[in-house]
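Residues per chain, in single letters:
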Amino acid sequence: MTSSPTPDALLGPADIRELAAALGVRPTKQRGQNFVIDANTVRRIVRTAQVRPDDVVVEVGPGLGSLTLALLEAADRVTAVEIDDVLAGALPATVTARMPERADRFALVHSDAMHVTELPGPAPTALVANLPYNVAVPVLLHMLDTFPTIERTLVMVQAEVADRLAAPPGSKVYGVPSVKANWYAEVKRAGSIGRNVFWPAPNVDSGLVSLVRRSVPLRTTASKREVFAVVDAAFAQRRKTLRAALSGWAGSAAAAEEALVAAGVSPQARGESLTVEEFARIAEHKANPHQEKETA
């Protein structure tokens, strides 16, 4: 049995700045880097994520390791995926120095998360990450799609992105991210994070989003690719009725109307009013399957 980490194992503001200075790291806007400098915040994230002692957690964009160390306190194992050469090179040493008794429970994957298709060790059960807002949605969807064993996810993203992900049908901010996230999971807002817990302080507020994977996958004869093609088409021209917005996808407005009526959806409705289940029904009723290649 491993001993519990020392109380000062987590990184504080001075530790973060000292580490950054030693590595010559300056947070870049290009990669959306804002490092969490508050130990209470990372512990709150771990609590909100409901990380359990038997969890295998994957973290995307660990940076200098603030959240990584808090996750190691609570989980069985943590695998961090980091794209930055300098940060990826330094993180294992930080873990070993501050939490030596847990170092063998940590693994690093030096890669772009969008290209990760496998992870070392046991399959991940949870995803917990502070995601750069500029790539948050594609990274989240890629990880959920690639690793079906991930049951629970908690991501910290820009507040507007959090609102979009968790928006219900009918909301002004309901859109492609909302529907696609809901394909995989039950999604809800799980809190807000102030700007002063980051270095440098961002110009936007942040929010926590919880995603609990559907215990039973969405029941549909359409593939995910087919359903997402309908979603993309519907929101590409979100002010138009679905009859008009889906005309390119279906081959004509008349074909779109036929698919909508068959799916039990009004041709005059707009994409923002539909559930993921309704989008799936529309995909099932596409009249011209040979056009799938052109629209996917």
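What this report covers is the structure whose coordinates are included nearby.

Reading the values: the criteria
Residues numbered from 1 in each chain as written. Predicted model: local features only at pLDDT ≥ 70, side-chain atom pairs only at ≥ 80, totals over all residues. Heavy atoms only, no water. Helix = DSSP H or I, 4+ residues; strand = E, 2+ residues; numbered from the N terminus. Salt bridge = Lys/Arg side-chain N within 4 Å of Asp/Glu carboxyl O. Buried < 20%, exposed > 50% of the residue type's maximum accessible area, 1.4 Å probe, protein only. Core = buried A, V, L, I, M, F, W, Y, C linked by side-chain atoms within 4.5 Å. 1 Å grid on protein atoms, 1.4 Å probe; cavity = no way out; pocket = protein on both sides within 12 Å on 5 of 7 lines; lining within 4 Å. Points joined across faces, edges and corners; volume = space filled by probe spheres on them. Nonpolar A, V, L, I, M, F, W, Y, C, P; charged D, E, K, R; others polar. Pairing = 2+ DSSP bridges. Axes fitted to C-alpha atoms, helices over the stretch in contact; angles between N-to-C directions. Contact = heavy atoms within 4.5 Å.

## Considerations on unusual backbone geometry
Reasoning step 1: Cis geometry is found at the peptide bond from W199 to P200, where omega equals -10°.
Reasoning step 2: In this fold, P200 is placed in the loop between β8 (198-199) and β9 (206-213).

## Quick word on the pattern of salt bridges
Reasoning step 1: Evaluation of the coordinates by the stated rule reveals 14 salt bridges.
Reasoning step 2: In this structure, R243 engages E257 in a salt bridge whose closest nitrogen and oxygen atoms are separated by 2.5 Å. Separated by 14 residues along the polypeptide, R243 in helix α9 (residues 242-245) and E257 in helix α11 (residues 253-262) bring together distant segments of the chain.
Reasoning step 3: With relative accessibility at 30%, the residue E257 sits in the partly exposed group.

## As for the nonpolar core
Reasoning step 1: Counting residues in each nonpolar core, the largest one holds 61 residues, and the members touching the most others are L131, L211, V227, L246, W249, F279 and I282.
Reasoning step 2: Looking at which element gives the most residues to this core, the answer is helix α8 (residues 224-236), with eight residues.
Reasoning step 3: By size, the runner-up hydrophobic cluster in this structure holds 38 residues, among which are F35, F106, M156 and I193.

## As for the layout of surface pockets
Reasoning step 1: Taken as a whole, the second largest pocket holds about 190 Å³ of empty space.
Reasoning step 2: For the lining of the second largest pocket, the secondary structure elements donating two or more residues are β6 (152-158), β7 (185-193) and β9.
Reasoning step 3: Take the lining of the second largest pocket: its biggest share by element is four residues, from β7.
Reasoning step 4: For the lining of the second largest pocket, the class distribution of residues is six nonpolar, four polar and three charged.

## Some words on empty space enclosed by the protein
Reasoning step 1: On inspection of all chains with the given rule, the structure shows one cavity of 30 Å³ or more.
Reasoning step 2: Lining the largest cavity, in full, are L19, L23, G63, L64, L87, A90, L91 and T94.
Reasoning step 3: Secondary-structure elements contributing two or more residues to the lining of the largest cavity are α1 (13-23) and α4 (85-98).
Reasoning step 4: When residues in the lining of the largest cavity are grouped by element, the largest group, four residues, is from α4.

## Some words on the sheet that holds β7
Reasoning step 1: A sheet is described by the order of its strands in space; here seven strands give the open sequence β4-β3-β2-β5-β6-β9-β7, paired in mixed fashion. The outermost strands of the open sheet, each flanked by one partner alone, are β4 (106-110) and β7. Shown here is a sheet whose adjacent strand axes are inclined to one another by a mean of 20°, direction ignored.
Reasoning step 2: The pairing of strand β5 (residues 126-130) with β6 spans five bridges and is parallel. Considered in β6, the bridge of A126 is made with R152.
Reasoning step 3: In this fold helix α2 (residues 39-48) packs onto β5, β6, β7 and β9, with an angle of close to 160° to the strand it touches most, β7.

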